[in-house]
Amino acid sequence: MTAYDPVISLSHVTIHYPDAAEAALRDVDLEIEEGELVLVIGRTGSGKSTLLGTLNGHVPHFTGGRLSGRVRVLGRDTATHRPRDLADVIGVVGQDPLAGFVTDTVEEELAYGMEQLALPPATMRKRVEETLDLLGIADLRAAPLRDLSGGQQQRVAIGSVLAAHPRILVLDEPTSALDPTGAEEVLAALTRLVHDLGVTVVVAEHRLERVVQYADRVVEVVDGTVRDGIPSAIFETASVAPPVLDLGRYAGWSPLPVTIRDARRAAAPLRARLGDQGTSASRGRSNQQTSLGVHISLTSASRGSSASPGVRARGVRVDYGGVRAVADVDLDLPAGRVTALMGRNGAGKSSLLWALHGTGTRTAGRVSLADGRDPAGLKPGVRRGAIGLVPQTATDLLYLDTVAAECRQADTESSRDSGTCARLLEELAPGIPGDRHPRDLSEGQKLALVLAVQLTAGPQVLLLDEPTRGLDYPAKARLADTLRGLADHGHTVVVSTHDVEFVAESADEVVVMAEGEVVAQGPTAEIVASSPAFAPQVAKILAPVPLLTVAQVRAALAERAAPRETV
Amino acid sequence: MIRHLHPAAWWLWALALAAGASMTTNPVLLAAHVGVLVAVVLARRDGSPWGRAFRLYAVLGVVIVLVRLVLHALVGLKFGDIPLLPVPEAHLPSWAAGIQLGGTVYLEGALGAGLEGARLATMILAIGAANALASPKRLLKVFPAALHEIGAALVVAVTVAPQLAGSVQRVARARQLRGEPALRLKGFRSIAMPVLQDTLDRSLALAAAMDGRGYGRRPESTNGRATGALTLLGLLGSCVGIYGLLDTTSPAALGLPTLVVGLLLCVAGLWSGGRSVPRTIYRRDPWGAPEWLTIACGAAALVAMLVTVRRDPAALGMPLAPLGLPALPVLPLAGLALAAVPAVATPVPPLVSARRAPREVAA
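Right, let's walk through the structure included here. (Residues numbered from 1 in each chain as written. Chains lettered and ligands numbered in written order. Predicted model: local features only at pLDDT ≥ 70, side-chain atom pairs only at ≥ 80, totals over all residues. Heavy atoms only, no water.)

**Digging into the overall build of chain B**
Keep this limit in mind: Runs of H or I in DSSP of at least four residues are treated as helices and runs of E of at least two as strands, each being numbered from the N terminus. Relative accessibility decides the category of a residue: with a 1.4 Å probe and only protein chains considered, values under 20% of the type maximum give buried, values over 50% give exposed, and everything between is partly exposed. Any two residues having at least one pair of non-hydrogen atoms within 4.5 Å are treated as being in contact. Computed with a 1.4 Å probe, the accessible areas rest on the Shrake-Rupley method; for each residue, only the protein chains presented here act as cover.
Each helix and strand in chain B was counted, giving 13 helices and four strands. When the backbone C-alpha atoms are referred to their principal axes, chain B occupies close to 75 × 70 × 50 Å. For chain B, buried positions account for 42% of its 363 residues. Pairs at least 24 residues apart make up 78% of the contacts formed inside chain B by residues separated by at least 6 positions. In the form shown here, chain B has an accessible surface area of approximately 19,100 Å², with 73% of it arising from carbon and sulfur atoms.

Written out as structure tokens, the structure reads:
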């Protein structure tokens, strides 16, 4: 092998899973060179995970299916090398770090891979210490893995494969479960590996806004075919793009800026154009969206109903064992609005949602709906008609064999006319075949099904816990539209999420929680624009102009009738 | 000195106590067993999730005793003189003479049933103690490398099984979102399906992660044929040996000697197979005086019970007809007192941080 050989090369790779009509990957040619950070993008179900799986032989050795063509990792053919035979050169980190942990404590987990590779104990001791320092987890060495926060777990997972000194690191959505700060920790560690140690990193991610600025090269997977290039070239036409690139594409900047810094430079003329508008908007902050001509109908509708909140909580407290998850929260959630609940992992968002819903633990406090009833006092069947909740693992709600059966069951249990749920589902996500097994749906379709099931009962209040996990941009936009529509019809909608871009697109109000308390509450623009962690990309690029999304920019420019070519 | 005791030492100690408990229904001895187990666990468990799970085994023990009592009241054979609970009896045809459906519950019968339940509960508690004192994962580290496929299955089972409880809880709560009361027999399917799917997914993910990190990898050249021959001969020898031991008419040479040779061949096969899977151990648990002491203490308790079984079996039972006070056999109690010694004589395990890991400062 010469120095110029790529570390990974795929030639004419086609993957056929058994019982699948079409190939998951078709005739893929790809070469990845030493020391690159390669970002794999694509819509859900496009074959991203399959592509990553082929790199260490997980596909087809573990998953089944037929591989034709050739995958070589540092000269080793995955047809003859199983994943365990490649463990010394390629390390894989999955989406859910906890699911891949084999041992009980951080230190043992770091050593596990090296034990299997039969490294001498003295080497292992040295490398464990180095890895602990490299990822900034030295003070956690003896901690049980289950007690760590999400960001810490993900860093341990990365460390555990890194300690074996692989030359290639493959990560499948490493930040999807993390809050913005946890994601920063993980990404900072990754870039350090690439720049300081020359590790080749291949990473797939839906939240492109978090990683795109670090990528050397982008591989786009579309329906099983692959094309690759430098980020600014690929994103000219890519089917998914983060807001920074969306804005660049809309404004026609060339070359397309990928980082916030470059985009800010390119955006100077745009800021100047929007400038006077921005100052007028910031004077009247509370009705700023109206002044921009966005969501006029919504704002006027919500003004009328803001006198009667959809949910009123007083002194809500949740204790688990010795831990206070929610500490005496007072909250008025207005009807006809989408409220986003933000905060770190473990800040008490889920506990609060479940307590508001009445199914979860509530140690103290009072919750009343618009009609004065307390949901905790209702029977589950009645409660379902008053307040709905979509849990974090939405598929927990599904247990039947087909989509149609789930819909029929939802109609029966909410005593609605038969066909109500199916009609709702058709509205939310058109074209799902009724005989499909719910587990075979894409993430977006699963969420739509669960949403339809919960909406069948016609609740006035809808709570969603982390619904954007695993959704690509089009699916998220669709969800935002759905929530918007519900709010327009007078529903109270509450979404807990880490996704700042989604909040900017969908939420009217933001509630920020920390350590079980509400630390901030107010209109979205006011809360997120001022926060370094929660500000969406467009806000960062256009500050001080208080616009949060590309749609808002578009509307603001349309109001001034500015031709987009001249931006 | 602060270190973990070798997991095998704790398991052998706990198994000795479990074996001892299986020989008695004497409430004094059972209580002494429970006391020793609880005392040692409280003194020597670390703060890991395994250590915290000891409570669950205690709860399971209580449930076992209660179930045994209810079964006795429903279908057990009632006997004794002191009526406790009048229950009408259903008359069964003569062919079902071994079962008594209903019937007045007497103190003696209930006591006997309860103590049998308590015996099983004590054995379960001993296993729980082993779990709490030495995480089963640390024990699996010393599992023979040759059997790595079985090892993988065991690791997956030991990791995923404790998560089942969490899954069930989560899904049961989700059921209420669809308007069903939390606990209902009819809802079994609706809870079982998501939980099973969840468990299967987790198991596969873990197995894939182990595979991807090199578990069970072996270099090109393997002496598979020799390993196979040794193992096959060993198993054959063991079978013949056991047959010889059990069948009193066969010649003596066919018994114990053949079994020993067979077992030795099996061990050789495992060793030869394990040699082809290169593996090292980060921080090998040392085996020193405290380990020997712990095993000796467990063995002492077991031997004391065994001797009492031979010499004075009545002392290990509970006098029910006529009802009397249980005996106070000195020898087993002395043995159990020895078994409690590891609570103070073993090294203290390193303190694992409590529920919350320390929040790290920005790097």
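**Here's the deal with the interface of chain A and chain B**
Going by this rule: Using a 1.4 Å probe, buried area is obtained as the accessible area two parts lose upon being combined, added over both of them. By salt bridge we mean one thing: a side-chain nitrogen of Lys or Arg within 4 Å of a carboxyl oxygen of Asp or Glu. Polar contacts, as counted here, are pairs of nitrogen or oxygen atoms within 3.5 Å of one another; within protein the pair requires one atom able to donate a hydrogen and one able to accept it, and residues that are adjacent in sequence qualify only if both atoms are side-chain atoms.
Contact residues are listed per partner, giving 73 residues for chain A and 58 residues for chain B. In total, chain A and chain B occlude about 5,700 Å² of area from one another, counting both sides; carbon and sulfur atoms represent 49% of this. Along the contact surface separating chain A from chain B lie nine salt bridges. Two residues, Arg178(B) and Glu406(A), come together in a salt bridge whose shortest N-O distance is 2.7 Å. Taken together, the links from chain A to chain B amount to 20 residue pairs in polar contact (both at pLDDT 80 or more). Looking at the side of chain A that touches chain B, the elements with two or more residues in it are helix H3 (97–100), helix H4 (106–116), helix H5 (121–134), helix H6 (150–162), helix H15 (349–357), helix H16 (380–386), helix H17 (403–413) and helix H19 (443–455) of chain A.

**Section: the pairing of strand S17 (residues 492–496) of chain A**
Residues and elements named next belong to chain A. How we decide: In short, DSSP must find at least two bridges between two strands for them to pair. Here is how to tell: hold the view so the strands point away, follow the path from the first strand over the helix to the second, and if it runs clockwise the crossover is right-handed.
Where burial is concerned, most of S17 is hidden: five out of the five residues are buried. Relative to S17, strand S13 (residues 338–342) is paired through four bridges, and the arrangement is parallel. Looking at the pairing, Thr 339 lines up with Val 494 of S17. With five bridges connecting them, strand S16 (residues 461–465) and S17 associate as parallel partners. Each residue of the ladder has a partner; that of Asp 465, found in S17, is Ser 496. Once you follow S16 into helix H20 (residues 473–488) and on to S17, the crossover reads as right-handed.

**Things to note about the environment of Pro322(B)**
Inspection of the secondary structure assignment puts Pro322(B) in the loop between helix H11 (289–311) and helix H12 (330–339). Separated by 242 residues in the primary sequence, Pro322(B) and Gly80(B) place their C-alpha atoms 8.3 Å from one another.

**Notes on the sheet that holds strand S3 (residues 37–41) of chain A**
Residues and elements named next belong to chain A. Put simply, the rule reads: Think of each axis as a best-fit line through the C-alpha atoms, taken over the contacting stretch in the case of a helix, with angles from 0 to 180 degrees between the N-to-C directions.
Spatially, six strands are ordered S6-S7-S8-S3-S9-S10 in an open sheet, and the strand pairing comes out mixed. A strand with exactly one partner marks an edge of an open sheet, and here the two such strands are strand S6 (90–93) and strand S10 (225–229). Taking the axes of each pair of neighbouring strands and ignoring which way they run, one obtains an average angle of 15° across the sheet. The pairing of strand S9 (residues 217–222) with S10 spans five bridges and is classified as antiparallel. Counted as the bridge partner of Val 221 is Val 226 from S10. Its contacts with the sheet place helix H1 (residues 48–55) against S3, S6, strand S7 (168–172), strand S8 (200–204), S9 and S10, and it is angled at close to 155° to S7. Sitting on the sheet, H6 is in contact with S6 and S7, with an inclination near 165° to S6.

**Considering the packing of helix H18 (residues 420–428) of chain A against H19(A)**
All names here are of chain A. Rule in force here: Note on terminology: angles under 35 degrees are roughly parallel, angles over 145 are roughly antiparallel, angles of 65 to 115 are roughly perpendicular, and the others are oblique. The crossing is said to be left-handed when, going from far helix to near helix, the turn is anticlockwise and less than a right angle, and right-handed when the turn is clockwise.
Between H18 and H19, the least distance of the axes is 9 Å, while the angle of their chain directions is 140°. With respect to their mutual orientation, H18 and H19 come out oblique. For the crossing formed where H18 meets H19, the hand is right-handed. Contacts between H18 and H19 pair Cys 421, Leu 424, Leu 425 and Leu 428 from the former with Ala 448, Leu 449, Leu 451, Ala 452, Val 453 and Leu 455 from the latter.

**Quick look at the sheet that holds strand S14 (residues 364–369) of chain A**
All names here are of chain A. Strand order in the open sheet made by the three strands is S12-S11-S14, with antiparallel pairing throughout. The sheet is open, and its two borders are formed by strand S12 (323–334) and S14, each paired with just one other strand. Within the sheet, the average angular offset between the axes of one strand and its neighbour, ignoring direction, is 15°. The pairing of strand S11 (residues 309–320) with S12 spans eight bridges and is classified as antiparallel.

**Quick look at a negative patch on the surface**
The cut-off we apply is this: Each patch is built from residues that are more than 30% exposed by relative accessible area and take part in no salt bridge. Like charges join if they lie within 9 Å; nonpolar side chains (Val, Leu, Ile, Met, Phe, Trp, Tyr) join within 5 Å. Positive charges come from Lys and Arg alone, negative charges from Asp and Glu alone, with His and the N- and C-terminal ends not counted. To locate a charge, take NZ of a lysine, CZ of an arginine, CG of an aspartate or CD of a glutamate.
Residues Asp5(A), Asp27(A), Asp29(A), Glu31(A) and Glu33(A) make up a contiguous surface patch of negative charge. Considering the arrangement of structural elements, one finds Glu33(A) in the loop between strand S2 (25–32) and S3.

**Describing the pattern of salt bridges**
For side chains bearing opposite charge, pairing can occur when the charged atoms are close. Enumeration over the complete set of coordinates arrives at 40 salt bridges over all chains. The salt bridge involving Glu107(A) is made with Arg283(B); its shortest N-O contact spans 2.6 Å. You can see Glu107(A) sitting in helix H4 and its partner Arg283(B) sitting in the loop between helix H10 (256–275) and H11, one on each of two chains. Relative accessible area serves as the criterion here: at 11%, Glu107(A) is assigned to the buried category. Sharing partners across several salt bridges, the network here consists of Glu107(A), Glu129(A), Arg141(A) and Arg283(B).

Spatial relationships are all this shows, so hold off on functional conclusions.
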